[in-house]
Amino acid sequence: MTSPNTGLPCPPLTGLQACSDHTWVKRAIGILQGDGRRSADTHLVNPVFRGLKGISIYLKDESTHPTGSLKHRLARSLFLYGICNGRIQQGTTLVEASSGSTAVSESYFAHLLDLPFIAVMPKSTSRQKIEAIERFGGRCHFVESPREVYEVAARLAAETGGYYLDQFTFAERATDWRGNNNIAESIFDQMRGEAHPVPRWVVMSAGTGGTSATIGRYIRYRDFDTRLCVVDVEHSAFYEAYTTGNPGATCAHPSRIEGIGRPRVEPSFIPGVVDHMIKVPDAASIAAMHVLSDRLFRRVGGSSGTNFFGLCWIAANMMKAGEEGSLVSLICDSGDRYTSTYYNPDWLKQNDIDIAPYVALTETFLDTGEFRLDALRPIA
Ligand SMILES: *Cc1c(COP(=O)(O)O)cnc(C)c1O
């Protein structure tokens, strides 16, 4: 039969190509949304520090997710993003470049959906994370340096005909920054009944940069009077990029604080929504981690120490200026993952990290409000 208008053959009315099967997609999204309902609202902890008069501290505890870190949210978002873009289907091999935490969470979701998963990670990744990935059925592929993870992950995905989840590129867009119970919406919601419901500052470190991007965008979208401070670590390219405006900045040394600090400026880091950046020594991050763990009666991870030290620095500046208000930061993961590193005095010695001066400084600050800046190596 030909078309009366064009004379061209009409597509046959029967034998339509079998409509692509949505059954798997429907089931997969149902499973991911179920996980979201069960684990979306983590606690917003409000510890008391006697020295901080007029300043309330809130810490969003992301260590309580089923896979132990804030990467639980990211992994769920990346899976939904890949599935809804038609890139992840039944049987698709998933590959990721990770410093560990993301791979742990993705391995869990891959298990939920019965998909093969390969994590490409630096060989320095902590044993606890490797065990967790393998426990969920994921496979680990190690490379010498964190700089190699991107290329190797892309290659493995191509070779297996699989899909590269690519957190460093997609973190900022896989999360719905307008809301949909993202971490920012959850924080501002939980703050609603507090004495100072709109925080003066939110303080966050950067790995992919995705969390700070979500928080910074949400602050603007909802027109909050809150500012965003990003805290960078010693061996990382973000701070230089932010202060010089050069997105091509790199850092030769791998970061010693797992989960944060990158050798390049990741595409998911959005400098335009960051109001201020500081860079803190690793000794300060690990010292603050120890002090915070002590005060919370449980161990937090290294990047939570980075966040907490940055938060103390902001609090000290507010107190100096006679300002009152609330500050929010994150507990990103638990210290249980770092018993052989940050909590091991031998590891600290081997890495030439002396935390004592920063422990003293942080404790004095929390108890008296006095922040002895002169005890610090320069921070910006
Ligand atoms: C990823 C990560 C961060 C940083 O979060 P991003 O959203 O990737 O910037 C902080 N701490 C830990 C433990 C992480 O795994």
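The structure displayed is predicted, hence computed values, not measured ones.

Let's talk about the domain arrangement of the protein
- According to the domain assignment, the protein consists of domain 1 (40–69 + 176–376) and domain 2 (71–171).
- A straight line from the C-alpha centre of domain 1 to that of domain 2 covers 25 Å.
- Summed over both sides, the interface between domain 1 and domain 2 buries roughly 2200 Å², with carbon and sulfur atoms accounting for 47% of that surface.
- Three residues stand out in domain 1 for area buried against domain 2, namely Thr-67, Thr-208 and Arg-337, and they jointly supply 26% of the buried area on that side.
- Summed over the shared surface of domain 1 and domain 2, the number is two salt bridges.
- The salt bridge partner of Glu-258 is Lys-129, with a shortest N-O separation of 2.6 Å.
- Our enumeration of links across domain 1 and domain 2 arrives at 16 residue pairs in polar contact (both at pLDDT 80 or more).
- Here the side of domain 1 that touches domain 2 is built from residues that sort into nine nonpolar, 14 polar and nine charged.

Quick notes on the site of the ligand
- In the vicinity of the ligand lie 15 residues, with Lys-71, Gly-207, Thr-208, Thr-211 and Ser-303 positioned nearest.
- Between the ligand and Gly-207 there is a distance of 2.8 Å, counted from an oxygen atom to a backbone nitrogen or oxygen.
- Residue Gly-209 places a main-chain N or O atom 2.8 Å away from an oxygen atom belonging to the ligand.
- Considered class by class, the residues forming the shell around the ligand number five nonpolar, eight polar and two charged.

Focus: the sheet that holds strand β1 (residues 44–45)
- The six strands are arranged β1-β2-β10-β7-β8-β9 in an open sheet whose pairing can be described as mixed. Lying at the two open borders of the sheet, with one neighbouring strand each, are β1 and β9 (276–279).
- With five bridges connecting them, strand β7 (residues 201–205) and strand β8 (residues 227–232) associate as parallel partners. Counterpart to Val-203 in the pairing with β8 is Cys-229.
- Relative to strand β2 (residues 55–61), helix α7 (residues 183–190) is tilted by about 135°, and along the sheet it contacts β1, β2 and β10 (325–331).

Conventions adopted
Residues numbered from 1 in each chain as written. Predicted model: local features only at pLDDT ≥ 70, side-chain atom pairs only at ≥ 80, totals over all residues. Heavy atoms only, no water. Domains from an automatic or database assignment. Buried area = accessible area lost by both parts, 1.4 Å probe. Salt bridge = Lys/Arg side-chain N within 4 Å of Asp/Glu carboxyl O. Polar contact = N/O pair within 3.5 Å; in protein donor to acceptor, adjacent residues only side chain to side chain. Nonpolar A, V, L, I, M, F, W, Y, C, P; charged D, E, K, R; others polar. Near = heavy atom within 4 Å. Pairing = 2+ DSSP bridges. Helix = DSSP H or I, 4+ residues; strand = E, 2+ residues; numbered from the N terminus. Contact = heavy atoms within 4.5 Å. Axes fitted to C-alpha atoms, helices over the stretch in contact; angles between N-to-C directions.

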